[in-house]
Amino acid sequence: NAGVTQTPKFRILKIGQSMTLQCTQDMNHNYMYWYRQDPGMGLKLIYYSVGAGITDKGEVPNGYNVSRSTTEDFPLRLELAAPSQTSVYFCATTKTGGGGEKLFFGSGTQLSVL
Amino acid sequence: RKEVEQDPGPFNVPEGATVAFNCTYSNSASQSFFWYRQDCRKEPKLLMSVYSSGNEDGRFTAQLNRASQYISLLIRDSKLSDSATYLCVEIQGTNAGKSTFGDGTTLTVKP
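The text that follows walks through the structure, step by step, so that each part is easy to find. (Residues numbered from 1 in each chain as written. Chains lettered and ligands numbered in written order. Predicted model: local features only at pLDDT ≥ 70, side-chain atom pairs only at ≥ 80, totals over all residues. Heavy atoms only, no water.)

## What about the sheet that holds strand 3 (residues 19-25) of chain B?
All names here are of chain B.
- Strand order in the open sheet formed by five strands is 1-3-8-7-6, with antiparallel pairing between adjacent strands. Unpaired on one side and paired on the other, strand 1 (4-6) and strand 6 (55-57) mark the two borders of the sheet. Neighbouring strand axes in the sheet, compared pairwise and without regard to direction, differ in orientation by 20° on average.
- Sheet topology note: the strand 3/strand 8 (residues 70-75) ladder contains six bridges and is antiparallel. The residue bridging Asn22 from the neighbouring strand is Ser72, located in strand 8. (Pairing = 2+ DSSP bridges. Helix = DSSP H or I, 4+ residues; strand = E, 2+ residues; numbered from the N terminus. Axes fitted to C-alpha atoms, helices over the stretch in contact; angles between N-to-C directions.)

Here's what the structure looks like:
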């Protein structure tokens, strides 16, 4: 099993461009999450999903959109990229979302907006 | 005040040393706590959960002090491979993903 797969690993965008960060999982987990991590900081939740067709905002959703049409995929869309969105983005999953569960992370996407 | 605060370090210790990190949290309703390990430019990985009674996993011991609202991680007999950033994580509700991460404590173990 691949676990949680993120693509691309690296990307450079110009201000105002848009892109989609892909996240797919083969663990049949219901809950999926997008985090961003700025240098020297912890992770901040952007959006999350408790199942196909259901998404909700996290702590820092502005400038991003998500969709969850299948259990496996949870893409993150950046519209009108800004330098403030330069960060490392991590996708994660948990099976049921319980408070004691382990988060399974993808290997991350490093995004620079210039 | 941040919800979760950690001493950023860096902690530089020799191999074989014992080192301890603390993490304070501000919400007394926080329910679950964890330590994650993050290697440079890699994804975080769960190191251990933190139980109220304290718990040990090999050279690692985690403790929770609800009265003073902090958790701790003790690493004994440090190895070079322990060099990493250690993230304190707390969950106030029941959704694992709606976690609050500390900014991390960096540990460097030197020969």
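## What to know about the interface of chain A and chain B
- With 23 residues of chain A at the contact, the number on the chain B side is 21 residues.
- Along the contact surface separating chain A from chain B lie zero salt bridges.
- Run the count over chain A and chain B and you get four residue pairs in polar contact (both at pLDDT 80 or more).
- Broken down by secondary-structure element, the contributors of at least two residues to the side of chain A that touches chain B are strand 4 (31-37), strand 5 (43-51) and strand 9 (87-94) of chain A.
- Take the side of chain A that touches chain B: its biggest share by element is four residues, from strand 4 of chain A.
- The class makeup of the residues in the side of chain A that touches chain B is 10 nonpolar, 11 polar and two charged. (Contact = heavy atoms within 4.5 Å. Salt bridge = Lys/Arg side-chain N within 4 Å of Asp/Glu carboxyl O. Polar contact = N/O pair within 3.5 Å; in protein donor to acceptor, adjacent residues only side chain to side chain. Nonpolar A, V, L, I, M, F, W, Y, C, P; charged D, E, K, R; others polar.)

## A closer look at the nonpolar core
- Residues Phe21, Trp35, Ile71, Leu73, Ile75, Tyr86 and Leu107 of chain B are the most contacted members of the largest nonpolar core, which totals 22 residues.
- Those elements that provide at least two residues to this core are strand 3, strand 4 (32-38), strand 5 (45-50), strand 7 (60-65), strand 8, strand 9 (84-91) and strand 11 (105-110) of chain B.
- Counting residues per element, this core draws most heavily on strand 3 of chain B, which supplies four residues.
- Beyond its immediate sequence surroundings of up to four residues, Ile71 of chain B is in contact with Phe21, Asn22, Cys23, Phe33, Phe34, Trp35, Val50, Gln63, Leu64 and Cys88 of chain B.
- Counting 19 residues, the second largest nonpolar core, distinct from the first, contains Met19, Cys23, Ala81 and Tyr89 of chain A. (Core = buried A, V, L, I, M, F, W, Y, C linked by side-chain atoms within 4.5 Å. Buried < 20%, exposed > 50% of the residue type's maximum accessible area, 1.4 Å probe, protein only.)

## Topic: the packing of aromatic side chains
- Evaluation of the coordinates by the stated rule reveals 12 aromatic pairs over all chains.
- Where Tyr33 of chain A meets Tyr48 of chain A, the ring centres are 6.4 Å apart and the plane angle is 25°; that geometry is what we call stacked. Note that Tyr33 of chain A is positioned in strand 4 and Tyr48 of chain A in strand 5, a separation of 15 residues in sequence. In this pair, the class of Tyr33 of chain A matches that of Tyr48 of chain A, namely buried.
- Three or more aromatic residues joined by ring pairs form one cluster here, namely Tyr31, Tyr33, Tyr35, Tyr48, Phe90 and Phe105 of chain A together with Tyr36 and Phe101 of chain B. (Phe/Tyr/Trp six-rings, centres within 6.5 Å; stacked < 30°, edge-to-face > 60°.)

## Observations concerning the pairing of strand 4 of chain A
Residue and element names in this part refer to chain A.
- Buried residues dominate strand 4, accounting for seven of its seven residues.
- Going residue by residue along strand 4, you find Tyr31, Tyr33, Tyr35 and Gln37 tucked away on one face and Met32, Trp34 and Arg36 tucked away on the opposite face as well.
- Two elements, strand 4 and strand 9, share seven bridges in a ladder whose sense is antiparallel. Each bridged residue has a counterpart across the sheet, and for Gln37 the counterpart in strand 9 is Val88.
- In this structure, strand 4 lies alongside strand 5, joined through six bridges in antiparallel fashion. Among the inter-strand pairings, Gln37 is bridged to a residue of strand 5, identified as Leu43.
- Once strand 4 ends, the chain turns through five residues before running back antiparallel as strand 5, passing Gly40 with a positive phi of about 70°.

## Things to note about the pattern of salt bridges
Residue and element names in this part refer to chain A.
- Counted by the stated rule, this structure contains seven salt bridges over all chains.
- With a shortest N-O distance of 2.8 Å, Arg36 and Asp38 are connected by a salt bridge.
- Using a relative accessible area of 26% as the deciding quantity, one classes Asp38 as partly exposed.

## A few points about unusual backbone geometry
- Here Thr7 of chain A and Pro8 of chain A are connected by a cis peptide whose omega angle stands at -10°.
- Structurally, Pro8 of chain A can be placed in the loop between strand 1 (4-7) and strand 2 (10-13).
- For the bond running from Gly9 of chain B to Pro10 of chain B, omega is 5°, close enough to zero to count as cis.
- Here Pro10 of chain B shows up in the loop between strand 1 and strand 2 (11-14).

## Notes on the environment of Asp38 of chain A
Residues and elements named next belong to chain A.
- Looking at the element boundaries, Asp38 is found in the loop between strand 4 and strand 5.
- Expressed as a C-alpha distance, the spacing of Asp38 and Gly51, which sit 13 residues apart in the sequence, is 27 Å.
- When neighbours within four sequence positions are excluded, Asp38 is seen to be in contact with Thr86 and Ser87.

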